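Structural characterization, general
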Amino acid sequence: MPTRQRLKELMISELMLDMTAEDIGDDTPLFGPAGIGLDSVDALQLVVMIEKHFGFKMADQEQAKRMLQSVNTIAEAVDQQAAV
């Protein structure tokens with residue numbers, strides 16, 4: 001399964017989102033009213049989910065901010081680490 005699709009399905013199940021994977025665009029912002037509308041609690045759950053399922057450890061808050069913009073930014077970071 002492609003990383004982006006897996007991320008969307010994990011987000012829906014682990015964050016208990018009331019939507020389908022097709023509802024989440026690859027570039028849709030994850031936070032704020034213009035996007036999916038996740039909040040700070042969701043951000044923490046998202047970090048834990050990424051570590052658990054992809055073995056990706058966030059280096060710091062700045063990296064997390066950059067990475068947790070959209071499904072694309074998460075998938076790029078996860079795929080980049082997997083290639084190392």
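Residues numbered from 1 in each chain as written. Predicted model: local features only at pLDDT ≥ 70, side-chain atom pairs only at ≥ 80, totals over all residues. Heavy atoms only, no water.

**Focus: the overall build of the protein**
Scanning the protein for helices and strands turns up four helices and zero strands. Its helices and strands taken in sequence order, the protein reads α-α-α-α from the N to the C terminus. For a compact globule of 84 residues, the expected C-alpha radius of gyration is about 12 Å, and the protein comes in at 12 Å, within 12% of that figure. Principal axes of the C-alpha set define a box for the protein whose edges measure 35 × 30 × 20 Å. When each of the 84 residues of the protein is scored for burial, the buried share is 39%. Contacts spanning at least 24 positions in sequence make up 49% of the contacts within the protein whose residues lie at least 6 apart. Accessible surface, the protein as shown: approximately 5100 Å² in total, 53% of it carbon and sulfur. Looking at the protein, you have 7 positive and 14 negative side-chain charges, and the mean spots of the two groups are 6 Å apart. (Helix = DSSP H or I, 4+ residues; strand = E, 2+ residues; numbered from the N terminus. Rg over C-alpha atoms; globule rule 2.2 N^0.38 Å. Buried < 20%, exposed > 50% of the residue type's maximum accessible area, 1.4 Å probe, protein only. Contact = heavy atoms within 4.5 Å. Areas by Shrake-Rupley, 256 points an atom, 1.4 Å probe, with all protein chains shown as cover. Lys, Arg positive; Asp, Glu negative; His and termini not counted. Charge placed at Lys NZ, Arg CZ, Asp CG, Glu CD.)

**Some remarks on the nonpolar core**
Counting residues in each nonpolar core, the largest one holds 26 residues, and the members touching the most others are Met11, Leu46, Ile50 and Ile74. Elements with a minimum of two residues in this core: helix H1 (3-14), helix H2 (40-54), helix H3 (61-67) and helix H4 (71-83). Apart from residues lying up to four places away in sequence, Ile74 is in contact with Leu7, Leu30, Leu46, Ile50, Met67 and Leu68. (Core = buried A, V, L, I, M, F, W, Y, C linked by side-chain atoms within 4.5 Å.)

**Thoughts on H2**
Here H2 spans 21 Å end to end across 15 residues, near enough to the 21 Å set by a 1.5 Å rise per residue. Those residues of H2 lying buried are Asp42, Ala43, Leu46, Val47, Met49, Ile50 and Phe54. An end-on view of H2 places all buried positions within 165 degrees of arc, on one side of the element. Of the exposed residues in H2, those oriented more than 90 degrees away from the buried face are Val41, Leu44 and Lys52. Contacts made by the buried residues of H2 are with H1, H3 and H4. The opening residue of H2 is Asp39, an N-cap whose side-chain oxygen sits 3.1 Å from the backbone nitrogen of Val41. Once H2 finishes, Gly55 follows within two positions and takes phi at roughly 70 degrees, a positive value. (Expected span 1.5 Å × (residues − 1). Arc of directions from axis to C-beta. Polar contact = N/O pair within 3.5 Å; in protein donor to acceptor, adjacent residues only side chain to side chain.)

**Concerning the packing of aromatic side chains**
Inspection of the entire model under this criterion finds zero aromatic pairs. The lysine or arginine in question, Arg6, covers the ring of Phe54, its NZ or CZ lying 4.6 Å from the ring centre. (Phe/Tyr/Trp six-rings, centres within 6.5 Å; stacked < 30°, edge-to-face > 60°. Lys NZ or Arg CZ within 6 Å of the ring centre and 35° of its normal.)

**Thoughts on unusual backbone geometry**
Phi angles above zero are rare outside glycine, and Met16 is one such case at about 50 degrees. You can see Met16 is positioned in the loop between H1 and H2.

**As for the pattern of salt bridges**
Applying the stated criterion across every chain, the model contains three salt bridges. Its salt-bridge partner being Lys57, residue Glu51 comes within 3.9 Å of it at the nearest N-O pair. (Salt bridge = Lys/Arg side-chain N within 4 Å of Asp/Glu carboxyl O.)

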